[in-house]
Amino acid sequence: MVKQLVAVFLAAILTENYVLSKFLGICPFLGVSKKVNTALGMSAAVTFVMVLATAVTYPIYENILVPFGLEYLQTIVFILVIAGLVQLVEIILKKYMPPLYNSLGIYLPLITTNCAVLGVTMLVLEKAAQDPSYTYVTALVNAFGAGIGFLVAMVIFAGVRGRLETADIPKSLKGLPITLVSASLVSVSFLGFAGLVEGLMG
Amino acid sequence: MNSILIAVIVVGAIGLVVAVVLALASAFFAVPVDERVERLTEALPGANCGACGYSGCSGYADALAKGDAKPGQCPVGGDETAKTVAAILGVEAESGVPTSARVMCSGSCDNTGKRVNYKGIASCSAAVQLLGGGGKCTYGCIGLGDCVKECDFGAIKVCNGVAVVNEELCRSCNKCAAVCPKSLIRIVPRRSAAVLCSNFDKGTQTKDDCKVGCIGCMKCQKACEFGAIKVERFKATVDPELCTLCGRCAEVCPKGVIALPFVEAGQ
């Protein structure tokens, strides 16, 4: 059980990295990765919302959509629930944790439409359908791992972009082109993790 | 038909629950907002330069609303903004002395020369690390325009190898002064004379380096009736508090390095 959770957690970070392997959540990945500080703030908010969203959407899917035979409405219902959830979190944070709200506040509306969050909630269900030993707890661990994977990708890329600042870049590649090229290189480097978790956990 | 109905009802119900929860939450967790903050933020220039000492205009507006800050602290907005802000807060505005940044160097290409031919990165902060920049005068303006890049208002230009502030456009936000590796830029009251030189070398050395360098001859100090000029370490400095803009110092200066910028601008 624990072994499975660890394997799921590591796989979500390294081999199934949502940004670098599945190419979800590219918008915040490119937009907020200029500085390590903001990258950390955004990733913390994303991780939090991913876990929370999975915690809510998983039971909704199992207990409401499946009994009514409405699996095909998964996408629209999840978008609705996630958007509402993020708004709720924002309101509560504003009231009870103003410092946290001030540091995460600007990222929360961005997360509402972050496809990495939607991707996690949907792919978790796909996995659960294939593997009977995949439970609610596994799904939560998977979501948390996906968030940490997002954080790792953001922080690594913020470092790469820091180097780009001082690099002598050809004029035609300045700005977004060189950012996309370096993002693809970082993504290629993550391909090296393929098979790592299966090898470790046997 | 039935399946469509079920789908509509289920999604509608979920949407309704989310809406009700959000509506309740926004009512229960409502945070009282000081509406003055919004009006204050609007009244401020929005330059977010930080010259007031707070983190941007919204930070200053917060501090104003809480009573931690005074209206006149925004040099960018000047007197007008101070008045609007004071009106919103319902207090009296203190009018400040109009100030401007000034580059304390006159070492243009005609007046001074190069010691080395610097061809590195076009930035003062980079050039200064190589033998203190390429100019003959080690105190003078490097002229690569770090201050120009820093200025949000387009008030600084490098003319003929030396940075010059357009006082009409300058908002005294102090950003240029902070970035100058030679610390040549000062925020001073507009209505005051200024010795546009920062060379602390002895007179003979200064003469060799620059045609218009202050040589510390003491003539201006003697000529000033108000005691506004002092020569220290071979360079004269004007105390803007005491200066009356009489222009005597500029008349006697053998190097012509004392300027009355405000007077010359047509006053």
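Residues numbered from 1 in each chain as written. Chains lettered and ligands numbered in written order. Predicted model: local features only at pLDDT ≥ 70, side-chain atom pairs only at ≥ 80, totals over all residues.

**Points about the overall build of chain B**
In step 1: From N to C terminus, chain B includes 11 helices and 8 strands.
In step 2: Relative to its 267 residues, chain B shows a buried fraction of 34%.
In step 3: Taking the contacts inside chain B whose residues are at least 6 apart along the sequence as the reference set, 56% of them involve residues at least 24 apart. (Helix = DSSP H or I, 4+ residues; strand = E, 2+ residues; numbered from the N terminus. Buried ≥ 20, exposed ≤ 12 C-beta atoms within 10 Å, placed from the backbone. Contact = placed C-beta atoms within 7 Å.)

**Notes on the overall build of chain A**
In step 1: The helix and strand inventory of chain A stands at 10 helices and 0 strands.
In step 2: Walking chain A from its N terminus toward its C terminus, one meets helices and strands in the order α-α-α-α-α-α-α-α-α-α.
In step 3: Within chain A, the proportion of its 202 residues that are buried is 34%.
In step 4: Restricting to contacts in chain A with at least 6 residues of sequence separation, those with at least 24 account for 78%.

**Structural notes on the nonpolar core**
In step 1: Counting residues in each nonpolar core, the largest one holds 48 residues, and the members touching the most others are Val46(A), Val49(A), Met50(A) and Val117(A).
In step 2: Only α1 (2-13), α3 (36-65), α4 (74-96), α6 (108-112), α7 (115-130), α8 (136-166) and α9 (176-191) of chain A provide two or more residues apiece to this core.
In step 3: If you tally residues by element for this core, the top one is α3(A), at 10 residues.
In step 4: What Val117(A) contacts, discounting residues up to four positions off in sequence, is Val46(A), Val49(A), Met50(A), Ala53(A), Ile82(A) and Ile111(A).
In step 5: Listed in part, the 45 residues of the second largest apolar core include Cys147(B), Leu184(B), Cys210(B) and Val212(B). (Core = buried A, V, L, I, M, F, W, Y, C linked by C-beta atoms within 7 Å.)

**A few points about the interface of chain A and chain B**
In step 1: In this complex, chain A contributes 15 residues to the contact, which on the side of chain B involves 13 residues.
In step 2: Sort the elements by how many residues they give to the side of chain A that touches chain B and α4(A) lands first, with 11 residues.
In step 3: Of the residues assigned to the side of chain A that touches chain B, the class counts are 11 nonpolar, 2 polar and 2 charged. (Nonpolar A, V, L, I, M, F, W, Y, C, P; charged D, E, K, R; others polar.)

**What about unusual backbone geometry?**
In step 1: Residues other than glycine seldom take positive phi values, yet Asn174(B) does so here, at roughly 75°.
In step 2: Locating Asn174(B) in the fold gives a position in the loop between β3 (162-165) and α7 (175-179).

**Here's the deal with α4(A)**
Given 3.6 residues per helical turn, the α-helix brings residues three or four places apart onto the same face.
In step 1: Compared with an ideal rise of 1.5 Å per residue, which puts 23 residues at 33 Å, α4(A) spans 32 Å between its outermost C-alpha atoms and is within 8% of the ideal.
In step 2: Of the positions making up α4(A), those classed as buried are Val77(A), Phe78(A), Val81(A), Ile82(A), Gly84(A), Leu85(A), Val86(A), Val89(A), Glu90(A), Ile91(A) and Leu93(A). (Expected span 1.5 Å × (residues − 1).)

**Things to note about the confidence of the model for chain B**
In step 1: Confidence in the prediction of chain B, expressed as mean pLDDT, is 84, and 96% of residues score 70 or more.
In step 2: In the model output, the complex is listed with pTM 0.59 alongside ipTM 0.75. (pLDDT = per-residue confidence, 0-100.)

**Examining the pairing of strand β7 (residues 235-238) of chain B**
Residues and elements named next belong to chain B.
In step 1: Here strand β6 (residues 229-232) runs beside β7; their pairing, made up of 4 bridges, is antiparallel. Bridging from a neighbouring strand, Val231 pairs with Ala236 of β7.
In step 2: In textbook terms, the turn of a hairpin is the stretch between consecutive antiparallel strands, and for β6 and β7 this stretch comprises 2 residues, one of which, Arg233, has a positive phi near 50°. (Pairing = 2+ DSSP bridges.)

**Regarding the environment of Lys127(A)**
Residues and elements named next belong to chain A.
In step 1: If you trace the backbone, Lys127 turns up in helix α7.
In step 2: Overall, the presence of 14 C-beta atoms within 10 Å leaves Lys127 in the partly exposed class.
In step 3: A C-alpha to C-alpha distance of 8.8 Å links Lys127 and Ala139, two positions 12 residues apart in sequence.

**Comments concerning the confidence of the model for chain A**
In step 1: Per-residue pLDDT for chain A averages 86, and the proportion of residues at 70 or more is 98%.
In step 2: The secondary-structure element of chain A with the lowest mean pLDDT is helix α5 (residues 98-104) of chain A, recorded at 72, while α8(A) shows the highest, at 91.

**Brief notes about the packing of α7(A) against α8(A)**
Residue and element names in this part refer to chain A.
In step 1: Between α7 and α8, the least distance of the axes is 10 Å, while the angle of their chain directions is 140°. The chirality of how α7 crosses α8 is right-handed. Taken together, the residues of α8 that come into contact with α7 (itself represented by Ala116, Val120, Val124 and Ala128) are Ala139, Asn142, Ala143, Ala146 and Phe150.
In step 2: Residue composition of the contact of α7 with α8, grouped by class: 8 nonpolar, 1 polar and no charged. (Axes fitted to C-alpha atoms, helices over the stretch in contact; angles between N-to-C directions. Left-handed = near helix turned anticlockwise from the far one by under 90°.)

**Observations concerning the packing of helix α2 (residues 35-43) of chain B against helix α4 (residues 78-89) of chain B**
Residue and element names in this part refer to chain B.
In step 1: Packing of α2 against α4 leaves a shortest axis separation of 10 Å and a crossing angle of 170°. Judged by the inter-axis angle, α2 sits roughly antiparallel to α4. For the pair α2 and α4, the contacting residues are Arg36, Arg39, Leu40 and Ala43 in the first and Thr81, Thr84, Val85 and Ile88 in the second.
In step 2: Of the residues contributing to the contact of α2 with α4, the split by class is 4 nonpolar, 2 polar and 2 charged. (Parallel < 35°, antiparallel > 145°, perpendicular 65-115°, else oblique.)

**Quick word on the environment of Gly216(B)**
Residues and elements named next belong to chain B.
In step 1: With respect to the helices and strands, the residue Gly216 is situated in the loop between α8 (203-209) and α9 (219-223).
In step 2: Residues Gly216 and Asp201 lie 15 residues apart in sequence; the distance between their C-alpha atoms is 9.1 Å.
In step 3: Leave out the neighbours within four places in its chain, and Gly216 touches Gly203, Val231, Phe234, Lys235 and Ala236.

**A look at the environment of Leu89(B)**
Residues and elements named next belong to chain B.
In step 1: Its place among the elements puts Leu89 in helix α4.
In step 2: As for Leu89 and Arg36, which are separated by 53 residues in sequence, their C-alpha atoms are 7.8 Å apart.
In step 3: For Leu89, the residues in contact, after removing those within four places along its chain, are Leu64 and Pro71.

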